Amino acid sequence: MSKFENLKTVSQLKTYLDSVLSRKQPKYYYHYTKLSSLVKIYENGNFKAAKIKNMNDRLEKDIAGDCPDYFTCLMGSAIESFGMWAMYGGIGAHIEKDSSDVIKDAYVKIKIPVESIKKLIKDSKGSLELRCIAYTNINAQLKNDSNQATIYCGTVKNVNKINCLDSVLKGYIKDNAWSYEKEVRIVSKKDSVDISSILDSFRIIPSPNNSMQECKIIFRRLKNGINLKINPIFEENEYYNLIMK
């Protein structure tokens, strides 16, 4: 397969983004959420999937809002991302406390081995796919400004003037403003993705706003009402350890 920087057509770009698992991958993917939502993930054994019209990139909604697929979004970088924590409420957000000053909820990221995702996709027998996302200047694409419409995938760029607005690429392209997400997507035809077979491989990392001990206490309180059998393994947030020293 051609390298990303050498791709020249819409078809080649789509094939490249669809073949993410055939290339070298990081050891883990990450999914940001609230601890209360994590309990529901463990209880129900699935990720909720969303259509593009319900996702965060307004420009993507404008160019691909009628895409029929559902997506569960993962981050492909292990580097701590305060942009991601801020987007999902874990940094700079008001976290409500009860009268005893105990935090009611917390924000976490789920650390998922890529090998587990590979198994999930393989076992789905074609009902699930994994794709990576490419980023471009959507406004430049809309204006047909080929001098500004460079496409990025990770840190690699493509300057071959591929039309990212082609309908074939709905659900594949986001604006450069979101490139810090380094996003990969589980693609489904349904509004949920059954992940029950890989739940025991997950590791849970608290946001820098919360210690591991706080998250464990909150998790126990949240799960008491549903008799949850699976106990996730928590790992400290390295940044939290750094600022507490």
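What this report covers is the structure whose coordinates are included nearby. Everything numeric here is computed off the predicted structure, so don't read it as measured data. (Residues numbered from 1 in each chain as written. Predicted model: local features only at pLDDT ≥ 70, side-chain atom pairs only at ≥ 80, totals over all residues. Heavy atoms only, no water.)

### Regarding the overall build of the protein
The test is simple: A run of DSSP states H or I qualifies as a helix once it reaches four residues; a run of E qualifies as a strand once it reaches two. Both are numbered from the N-terminal end. All radius of gyration figures rest on C-alpha atoms, and the globule criterion is 2.2 Å times the number of residues raised to 0.38. Partly exposed residues are those whose accessible area sits between 20% and 50% of the maximum for their type, while under 20% is buried and over 50% is exposed, using a 1.4 Å probe and protein chains only. For this analysis, residues touch if any pair of their heavy atoms sits within 4.5 Å. Here the positive residues are Lys and Arg and the negative ones are Asp and Glu; neither His nor the chain ends is included. Charge coordinates come from a single atom per side chain, which is NZ of Lys, CZ of Arg, CG of Asp or CD of Glu.
Per the secondary structure count, the protein includes eight helices and 13 strands. A compact globule built from 245 residues would reach a C-alpha radius of gyration of about 18 Å, and the protein, at 19 Å, matches this within 12%. Its C-alpha atoms give the protein principal-axis dimensions of roughly 60 × 40 × 30 Å. Each of the 245 residues in the protein was classed as buried or not, and the buried ones make up 47%. Restricting to contacts in the protein with at least 6 residues of sequence separation, those with at least 24 account for 77%. Of note, the protein has its 38 positive side-chain charges centred 3 Å away from the centre of its 28 negative side-chain charges.

### Things to note about the packing of aromatic side chains
Cut-off, in case you're wondering: Between the rings of Phe, Tyr and Trp (Trp by its six-membered ring), a pair exists once the centres lie within 6.5 Å; its type follows the angle of the planes, with under 30 degrees stacked, over 60 edge-to-face, and the other angles tilted. By definition here, charges over rings are those cases where NZ of Lys or CZ of Arg is within 6 Å of the ring centre and within 35 degrees of the ring normal.
Under the definition given, this model contains six aromatic pairs. Between F4 and Y16, the ring centres sit 5.3 Å apart and the planes meet at 50°, which makes this aromatic pair tilted. Taken together, the positions of F4 in the segment before α1 (10-18) and Y16 in helix α1 put the pair 12 residues apart, joining distant regions of the chain. Owing to a relative accessible area of 2%, F4 belongs among the buried residues under this scheme. The buried category is assigned to Y16, whose relative accessible area is 11%. Among the aromatic residues, ring-to-ring pairing joins Y42, F47, F202, F219 and F234 into one connected group. Cation over ring: R23 sits above Y16, and NZ or CZ is 3.7 Å from the ring centre. The residue whose ring lies beneath R131 is Y172, and the NZ or CZ to ring-centre distance is 3.7 Å.

### Structural notes on the state of the cysteines
Formally: When two cysteine sulfur atoms are found within 2.5 Å, that pair is recorded as a disulfide.
Summed over the entire model, instances satisfying the criterion amount to zero disulfides. C67 supplies the cysteine sulfur nearest to C73, a cysteine that is in no disulfide, at a spacing of 12 Å. A relative accessible area of 25% places C73 in the partly exposed class. The closest cysteine sulfur to the non-disulfide-bonded C153 is located on C132, 4.0 Å from its own sulfur. In this structure C153 comes out as buried when scored by relative accessible area, which is 14%.

### Here we look at unusual backbone geometry
The phi dihedral of N144 falls on the positive side, at around 60°, and the residue is not glycine. Under the relative-accessibility criterion, N144 is labelled exposed at 68%. Even without a glycine there, the phi angle at K161 is positive, about 60°.

### Examining the pairing of strand β12 (residues 203-206)
Put simply, the test is: Should DSSP find at least two bridges between two strands, the strands are taken to pair. By the criterion used throughout, a crossover qualifies as right-handed when its path from the first strand across the helix to the second strand runs clockwise, the strands pointing away from the viewer.
In this sheet, β12 lies alongside strand β4 (residues 107-113) in antiparallel orientation, the contact comprising four bridges. Bridge pairing links K109 to I205 in β12. Across two bridges, the pairing between β12 and strand β13 (residues 233-234) is parallel. Residue pairing for β13: R203 is matched across the bridge by I233. After leaving β12, the chain enters helix α7 (residues 212-223) and then returns to the sheet as β13, a path that is right-handed.

### Observations regarding helix α2 (residues 35-44)
The α-helix winds at 3.6 residues per turn, so residues separated by three or four positions along the chain end up facing the same way. When α2 is considered as a whole, its buried residues turn out to be L35, S36, L38, V39, I41 and Y42. Each element contacted by the buried residues of α2 is listed here: β1 (28-34), β2 (46-48), β4, β12, α7 and β13. Directly after α2, the chain includes G45, whose backbone phi takes a positive value near 70°.

### A closer look at the sheet that holds strand β8 (residues 156-158)
Put simply, the test is: Every axis in this analysis is a line fitted to C-alpha atoms, fitted for helices over the stretch in contact. Angles between the N-to-C directions lie between 0 and 180 degrees.
Within the open sheet, the four strands sit side by side as β8-β7-β6-β9. Their pairing is mixed. Looking at strand neighbours, the two that pair on one side only are β8 and β9 (173-175), the edges of this open sheet. The sheet shows a mean angle of 35° between the axes of neighbouring strands, taken without regard to direction. Across two bridges, strand β6 (residues 134-136) lies against strand β7 (residues 151-153) in antiparallel orientation. Paired with Y135 across the two strands is Y152, which belongs to β7.

### Quick word on the pattern of salt bridges
For clarity, the threshold we go by: Criterion for a salt bridge: a side-chain nitrogen of Lys or Arg within 4 Å of a carboxyl oxygen of Asp or Glu.
Throughout the structure, instances matching the rule amount to 12 salt bridges. Residue K170 is joined to D66 by a salt bridge in which the shortest nitrogen-to-oxygen separation is 2.6 Å. Separated by 104 residues along the polypeptide, K170 in the loop between β8 and β9 and D66 in the loop between α3 (58-64) and β3 (70-75) bring together distant segments of the chain. Overall, the relative accessible area of 56% leaves D66 in the exposed class. The network of salt bridges with shared partners includes E60, K174, E181, E183 and R185.

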